[in-house]
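Residue-level listing of the chains:
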Amino acid sequence: QVQLVESGGGLVQPGGSLRLSCAASGTILDIYVMGWYRQAPGKQRELVAHIIKSGDTNYADSVKGRFTISRDNAKNTVYLQMNSLKPEDAAVYYCNAVVRVTVAAGSYWGQGTQVTVSS
């Protein structure tokens, strides 16, 4: 059983910054991938960024150069540093992790955290 606990969402002005955190806990043997997704009203959920254990990353084109994903493997925590935020970045941001618990692996989701970008 795995739990993902997110924090860091909130209201920020355009051009501002937020740092999202997601900590995984439970009987985790390994975390293969951690990532962030977002979903705005009326839109499909989309990948924002992924990071694997080696540190390799992948970003949506819309956030490249502005967002940075990182992880602390010792703490089973992933971060999303969001800079130069734009109104179009406003969404519910969800943490996801692909985790090996025992012999089985599964994908787990956090509860989501609201990011609002408004002046």
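Refer to the structure above for everything that follows.
**Overview of the overall build of the chain**
What the chain contains, in helices and strands, is zero helices and eleven strands. Taken over the C-alpha trace, the chain has a radius of gyration of 14 Å; the compact-globule value for 119 residues is 14 Å, and the two agree within 12%. Taken over 119 residues, the chain has a buried fraction of 41%. Once local pairs closer than 6 in sequence are excluded, the contacts in the chain between residues at least 24 apart make up 55%. Of the accessible surface of the chain, which amounts to about 6,100 Å², a share of 49% is contributed by carbon and sulfur atoms. The positive charge centre, built from 11 side chains, and the negative charge centre, built from 8, are 2 Å apart in the chain.

**Examining unusual backbone geometry**
Positioned with a positive phi, Asn76 is a non-glycine residue whose angle comes to about 50 degrees. Of note in the backbone geometry, Ser84 takes a positive phi value of approximately 50 degrees without being a glycine.

**Some remarks on the pattern of salt bridges**
For side chains of opposite charge, pairing can occur when their charged atoms come near one another. One pass over the structure, following the stated rule, counts five salt bridges. Here Glu46 makes a salt bridge to Arg38, at a shortest N to O gap of 2.8 Å. Residue Arg38 is classed as buried on the basis of its relative accessible area, which comes to 6%. With a shortest N-O distance of 3.2 Å, Lys64 and Asp61 are connected by a salt bridge. Given the relative accessible area of 65%, Asp61 is considered exposed. Linked through salt bridges whose partners overlap, the residues forming this network are Arg38, Glu46, Arg66 and Asp89.

Reading the values: rules and limits
- Residues numbered from 1 in each chain as written.
- Predicted model: local features only at pLDDT ≥ 70, side-chain atom pairs only at ≥ 80, totals over all residues.
- Heavy atoms only, no water.
- Helix = DSSP H or I, 4+ residues; strand = E, 2+ residues; numbered from the N terminus.
- Rg over C-alpha atoms; globule rule 2.2 N^0.38 Å.
- Buried < 20%, exposed > 50% of the residue type's maximum accessible area, 1.4 Å probe, protein only.
- Contact = heavy atoms within 4.5 Å.
- Areas by Shrake-Rupley, 256 points an atom, 1.4 Å probe, with all protein chains shown as cover.
- Lys, Arg positive; Asp, Glu negative; His and termini not counted.
- Charge placed at Lys NZ, Arg CZ, Asp CG, Glu CD.
- Salt bridge = Lys/Arg side-chain N within 4 Å of Asp/Glu carboxyl O.

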